[in-house]
Amino acid sequence: MKLQTQNSKPASDLVRGLGPIAAISVNVGNIIGTGIFLKARVMTCNVGTPARVIAVWIAAGLLALAGALTYAELTTLRPHAGAEYVITRDAYGKVWGFLNGWSQILISRTASAAALSVGFAIFLNDLTHQALNRVYFEITLPGGHHLPFGTLQVAALVTLTVTTLINCAAVSVSGYVASFITVLKVLLVLGVGIGAFFYQDGSWAHFAMANVGGKCEGVVVTGGGFSGFAAAMLGALWAYDGWNNVSYVAGEVKRPERNLPLALISSMFIVMSLYVLVNVSYYFVLSPTQVAGVSSASSVAAEATMRVLGPLAVSLIAAIMMLSSWGSLQTSILGTARIPFAMARDGLFFKSLARVSSKNCVPVISLAVQAVWAGVLILSGSFDQLTDFAIFAFWLFYGMVTASVFIFRRREPDAERPYRTWGYPVVPAVFVLVTIYLIGFTIKNAPLQSLIGLVIIASGLPVYWYFLRRSKRK
């Protein structure tokens, strides 16, 4: 392994090994997780009718597409590893770039990796008829805090470890794995969507109905109107999250001037089409009241598929969700490791994280550290809470990165731009304005979580100052 710095040409560096199919798969595979199977119920409870739910899915997809259109310009302008960090750094200064990377390493993406690993283990447990529940006990820590531990946690840790090892191979191998998993996920989601239309008791009349009497167990219902639409949007945007994942591996995409815009934009159209198809199929099989009344321990997808296939649906949906979780985990680990790698190259993180393996040309130390921290979160059981706190950080930096297109257009008017944002300046402006609204909505409805999210972001400041002083002494 050889240490590399931002201003030197290392003998061993990242290589551009991801072709267009792999780049698209990195995005699609990361977006399609479990949200498409889980969020229809929450959205129905907040907006009431199938037409409004479909409208929310389309609106959320168009908003993510506006972000993707803007990121397409920004990533081709800065086609580097951890591009989102690099863009924030160059637009707003090193401190903001560091805080963006810090929040993603500490909570946003590592907590998501922990949740996906545990999700995979839970769905494997369902598929094997609760076989992973046979060994279970609690570890009591000082202060009375209890940590669950058993076969389920071991399965999650093994999943995380194996997936990390796969990503330690050459990036082209990770790209092939991502492509294979993504094709399977797309085919299975298509199967769920199309298969529902063979249900003999399905009815298009459901689309003229509204939720009346659905229990909405465990759902915080905002009361309809703009608040209900915004609450449903947050659910849909959670399902679309990951639309920018390819930006983290921008430094490893072949012909980035062509393939980065292709991956960002085409992936959104693929996922939007799938999401609308699947939700239409839900309401063909179930009425809005039945969707809203689905048990919180189940999913709308499982209930709809149960009507079509009977008991076989339980195993089928568990297998699909297990595959979806693992696919998202694989592409998430691939992208996230490039963030501390890019920060370390700037001297703003541990220098060992900037090392690239001489054999496979991937940041293996960054991958290992990321896996260790995600493993700690798995054992702590706190990843769900951290993911809730991360919502504020997610959208704050999405908005900042997107808004940077205006800064670069003014600051670097003559820079080569292989792709220019379609609909500029309206498209990025709409994304930024809606992001500001969603941040305000989150602060209003979850002030404590938003405050904790802000504190977590700010906790990176002393770490930044430490590494900044250390780099200046060299």
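To be clear, the structure that these remarks concern was listed above.
Now for a look at the structure at hand.

Cut-offs applied
Residues numbered from 1 in each chain as written. Predicted model: local features only at pLDDT ≥ 70, side-chain atom pairs only at ≥ 80, totals over all residues. Heavy atoms only, no water. Core = buried A, V, L, I, M, F, W, Y, C linked by side-chain atoms within 4.5 Å. Buried < 20%, exposed > 50% of the residue type's maximum accessible area, 1.4 Å probe, protein only. Contact = heavy atoms within 4.5 Å. Helix = DSSP H or I, 4+ residues; strand = E, 2+ residues; numbered from the N terminus. Expected span 1.5 Å × (residues − 1). 1 Å grid on protein atoms, 1.4 Å probe; cavity = no way out; pocket = protein on both sides within 12 Å on 5 of 7 lines; lining within 4 Å. Points joined across faces, edges and corners; volume = space filled by probe spheres on them. Nonpolar A, V, L, I, M, F, W, Y, C, P; charged D, E, K, R; others polar. Arc of directions from axis to C-beta. Phe/Tyr/Trp six-rings, centres within 6.5 Å; stacked < 30°, edge-to-face > 60°. Polar contact = N/O pair within 3.5 Å; in protein donor to acceptor, adjacent residues only side chain to side chain. Salt bridge = Lys/Arg side-chain N within 4 Å of Asp/Glu carboxyl O. Axes fitted to C-alpha atoms, helices over the stretch in contact; angles between N-to-C directions. Parallel < 35°, antiparallel > 145°, perpendicular 65-115°, else oblique. Left-handed = near helix turned anticlockwise from the far one by under 90°.

### A few points about the nonpolar core
Phase 1 of the analysis: Counting 136 residues, the largest nonpolar core has Trp57, Tyr240, Trp243, Val246, Met268, Tyr275 and Phe349 as its most contacted members.
Phase 2 of the analysis: Here Met268 is in contact with Ile31, Gly61, Ala64, Leu65, Ala68, Tyr240 and Trp243, once residues within four sequence places are set aside.
Phase 3 of the analysis: Leu14, Ala81, Phe341 and Cys361 belong to the second largest nonpolar core, which has 5 residues in total.

### Regarding helix 16 (residues 426-445)
Phase 1 of the analysis: Over its 20 residues, helix 16 extends 28 Å from the first C-alpha to the last, a length consistent with the 28 Å expected when each residue adds 1.5 Å.
Phase 2 of the analysis: All buried positions along helix 16 are accounted for by Val427, Pro428, Phe431, Val432, Thr435, Leu438, Ile439, Phe441 and Thr442.

### What to know about empty space enclosed by the protein
Phase 1 of the analysis: Here the structure, examined in full by the defined rule, presents 1 cavity of 30 Å³ or more.
Phase 2 of the analysis: Roughly 60 Å³ of volume is contained in the largest cavity.
Phase 3 of the analysis: Of all the elements in the fold, those that place two or more residues in the lining of the largest cavity are helix 5 (94-127) and helix 15 (383-411).
Phase 4 of the analysis: For the lining of the largest cavity, the per-class residue count stands at 5 nonpolar, 3 polar and 2 charged.

### Quick notes on helix 18 (residues 460-473)
In an α-helix, one full turn covers 3.6 residues, which means residues spaced three or four apart are oriented alike.
Phase 1 of the analysis: With 14 residues, helix 18 should reach 20 Å at 1.5 Å per residue; the first-to-last C-alpha distance of 20 Å fits that figure.
Phase 2 of the analysis: Among the residues making up helix 18, those that are buried are Gly460, Tyr464, Phe467 and Leu468. Buried positions in helix 18, seen along its axis, are confined to an arc of 105 degrees and lie on one side of it.
Phase 3 of the analysis: Looking at the buried side of helix 18, the elements it contacts are helix 5 and helix 17 (447-458).

### Side note on the packing of aromatic side chains
What characterises a pair of aromatic rings is the spacing of the ring centres plus the angle enclosed by the ring planes.
Phase 1 of the analysis: Enumeration over the complete set of coordinates arrives at 23 aromatic pairs.
Phase 2 of the analysis: When the centroid spacing of 5.1 Å and the interplanar angle of 85 degrees are considered together, the rings of Trp395 and Tyr398 count as edge-to-face. Note that Trp395 and Tyr398 are positioned in helix 15 at a spacing of 3 residues, about one turn of the helix.
Phase 3 of the analysis: For Trp395, a relative accessible area of 9% corresponds to the buried category.

### Concerning the side chain of Asn259
Phase 1 of the analysis: Mapped onto the fold, Asn259 is located in helix 9 (residues 256-285).
Phase 2 of the analysis: For Asn259, the side chain forms a polar contact with the side chain of Arg258, separated by 2.7 Å.
Phase 3 of the analysis: Setting aside its immediate chain neighbours within four residues, Asn259 contacts Gly19, Pro20, Ala23, Val253 and Lys254.

### Focus on the pattern of salt bridges
Phase 1 of the analysis: Enumeration over the complete set of coordinates arrives at 10 salt bridges.
Phase 2 of the analysis: Residue Glu257 is joined to Arg255 by a salt bridge in which the shortest nitrogen-to-oxygen separation is 3.8 Å.
Phase 3 of the analysis: Note that Glu303 is salt-bridged to Arg307, the shortest N-O span being 3.7 Å. Residue Glu303 and its partner Arg307 are both found in helix 11 (residues 300-309); the two are separated by 4 residues, about one turn of the helix.
Phase 4 of the analysis: Here the salt bridges do not stand alone but share partners, grouping Arg78, Arg89, Asp90, Asp346 and Glu412 into one network.

### A closer look at the environment of Thr151
Phase 1 of the analysis: In this fold, Thr151 is placed in helix 6 (residues 151-167).
Phase 2 of the analysis: Through-space distance from the C-alpha of Thr151 to that of Leu63 is 40 Å; in sequence the pair is 88 residues apart.
Phase 3 of the analysis: Excluding residues that lie within four positions of it along the chain, Thr151 makes contacts with Leu132 and Val135.

### Describing the packing of helix 3 (residues 50-77) against helix 16
Phase 1 of the analysis: Running from N to C, helix 3 and helix 16 point in directions that differ by 125 degrees, and their axes come no closer than 9 Å. Classed by the angle they form, the pair helix 3 and helix 16 counts as oblique. Crossing angle aside, the handedness with which helix 3 passes helix 16 is left-handed. Residues Leu63, Ala66, Gly67, Leu69 and Thr70 of helix 3 touch helix 16, and the partners they reach there are Val427, Pro428, Phe431, Val434 and Leu438.

### Description of the side chain of Ser287
Phase 1 of the analysis: Note on placement: Ser287 falls in the loop between helix 9 and helix 10 (288-292).
Phase 2 of the analysis: With residues near it in sequence (within four places) discarded, Ser287 still touches His206 and Met209.

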